[in-house]
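# Examining the three-dimensional arrangement
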Amino acid sequence: MSSALTDLFPYPIVQAPMAGGVSVPALAAAVCEAGGLGFLAAGYKTADGMYQEIKQLRGLTSRPFGVNLFMPQPETADPAAVGVYAHQLAGEAAWYETELGDPDCGRDDGYEAKLAVLLDDPVPVVSFHFGVPSREVVDSLHRVGTFALVAATTAEEARAVERSGADAVIAQGAEAGGHQGTHRDHPETGGVVGTGLLSLVAQVREAVSLPIVAAGGIMRGGQIAAVLAAGASAAQLGTAFLATPESGAHALHKDALTNPLFVRTELTRAFSGRPARGLVNRFLREHGPYAPAAYPEVHHLTAPLRKAAAKAGDAQGMALWAGQGHRMARDLPAGRLVEVLAAELASAGTALSQYTTGGNAR
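Notes on the structure in this doc start here. All values reported here derive from a predicted model rather than from experimental measurement. (Residues numbered from 1 in each chain as written. Predicted model: local features only at pLDDT ≥ 70, side-chain atom pairs only at ≥ 80, totals over all residues. Heavy atoms only, no water.)

### Structural notes on the packing of aromatic side chains
Just so we agree on the cut-off: For this analysis, a ring pair means two rings from Phe, Tyr or Trp (six-membered ring only for Trp) whose centres lie within 6.5 Å, classed as stacked if their planes differ by under 30 degrees, edge-to-face if by over 60, and tilted for the remaining angles. Each helix is a run of DSSP H or I of at least 4 residues and each strand a run of E of at least 2, with the numbering of both proceeding from the N terminus. Exposed residues in this analysis have more than 50% of their type's maximum accessible area, buried residues have under 20%, and partly exposed residues fall in between, with area computed by a 1.4 Å probe over protein chains only.
All chains considered together, the criterion is met by five aromatic pairs. Between the aromatic rings of Tyr-44 and Phe-70, the centroid separation amounts to 5.2 Å while the plane-to-plane angle is 80 degrees, which identifies the pairing as edge-to-face. Here Phe-70 lies in strand β3 (residues 65-70) and Tyr-44 lies in the loop between β2 (38-41) and α3 (47-60), a separation of 26 residues in the sequence. Classification of Phe-70 as buried rests on a relative accessible area of 8%. Judged by centre distance (4.7 Å) and plane angle (20 degrees), the rings of Phe-271 and Phe-283 are stacked. Placement of the pair is Phe-271 in the loop between β10 (265-268) and β11 (276-279) and Phe-283 in helix α13 (residues 282-287), with a sequence separation of twelve residues. Comparing Phe-271 with Phe-283, the two get one shared label, buried. Chaining the aromatic ring pairs together yields one cluster made of Tyr-44, Phe-70, Phe-130 and Tyr-295.

### With respect to the pairing of strand β9 (residues 234-237)
Here is the rule we go by: The pairing criterion is simple: DSSP has to find at least two bridges between the two strands. Crossover handedness is defined by viewing with both strands directed away from the observer: a clockwise path from the first strand over the helix to the second marks the crossover as right-handed.
Side chains Ala-234 and Gln-236 of β9 all project onto a buried face; the interleaved residues Ala-235 and Leu-237 project onto the opposite face, where all are buried too. Bridge analysis of strand β1 (residues 13-15) against β9 gives three bridges, and the strand direction is parallel. Each bridged residue has a counterpart across the sheet, and for Gln-15 the counterpart in β9 is Leu-237. The pairing of strand β8 (residues 212-215) with β9 spans three bridges and is classified as parallel. Across the sheet, residue Ala-215 finds its bridge partner in β9, namely Gln-236. Between β8 and its parallel partner β9, the chain crosses via helix α10 (residues 221-229), and the hand of that crossover is right-handed.

Below, the structure is given as structure tokens:
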């Protein structure tokens, strides 16, 4: 990775931007202060809401940080399929005593307004999910001194990221919690396929010359060492930070990460219409097989259900986003977690060095 970018954060540890109220200013600030790169998630917020969080974060740390944007989505959903899914969810609405959301209440997530704010009052790093920004957008960010990072889930997508002029690619493996950052959602995949992180990093490394930030299921410093050895310049961790006290995640969500009731994760369209990895609960089991490829329509449709489930204290109706390493979550303050991860990374590096120099060779 370019020295100008890595100079922003001493440790190769990036806190993933987790939308939905998880990546709050307190979490990002704690990560930044400890030597990682903290992120705010602008997804599902208004432009002003994003700006207010940036102001709060600046009041908590003088260290560099990032802001994540969702790319506007093409109109590819089948309205009839969305209507059928709404009918299937009628029982959920009755159970939680709420109304279903309006599936047609917006699909661009205020992208242009948020960009305008970030160009008027620049931040050190902006990352993009669900697609690739135009070369013009990337150039405009560069002109105000902002680094641009873009998520990719395949080598082909990484090539598109490189063509955009972005500074680095976030290689997101199938192990990652939350939404897969695919540039286009392909209904024929059913949302259940993907490439594992180590294989993806190797493929992206051979496909592009961009620096790589590796994301997907990373919970320990030894795993960070592994992706660095595979060719990444830094690692992005989400689920590991979700469990911290600074995280804005619901208490039920944090508890579910290590609760023996939730033993595995799956990629599902049940909550948003786009493939996203979450803990398998009742809602996912019952509705995942039938959810259409329709984002953000399904996201809007289920939003009141998810809020009502959280208010009722019912984790079985919530979107419990989590990566495959969720059982390894540690209840540590975010800053302390960065320190522990850095120490584990150093230990792994020492062990590897001893092995390669013959100290532990057999």
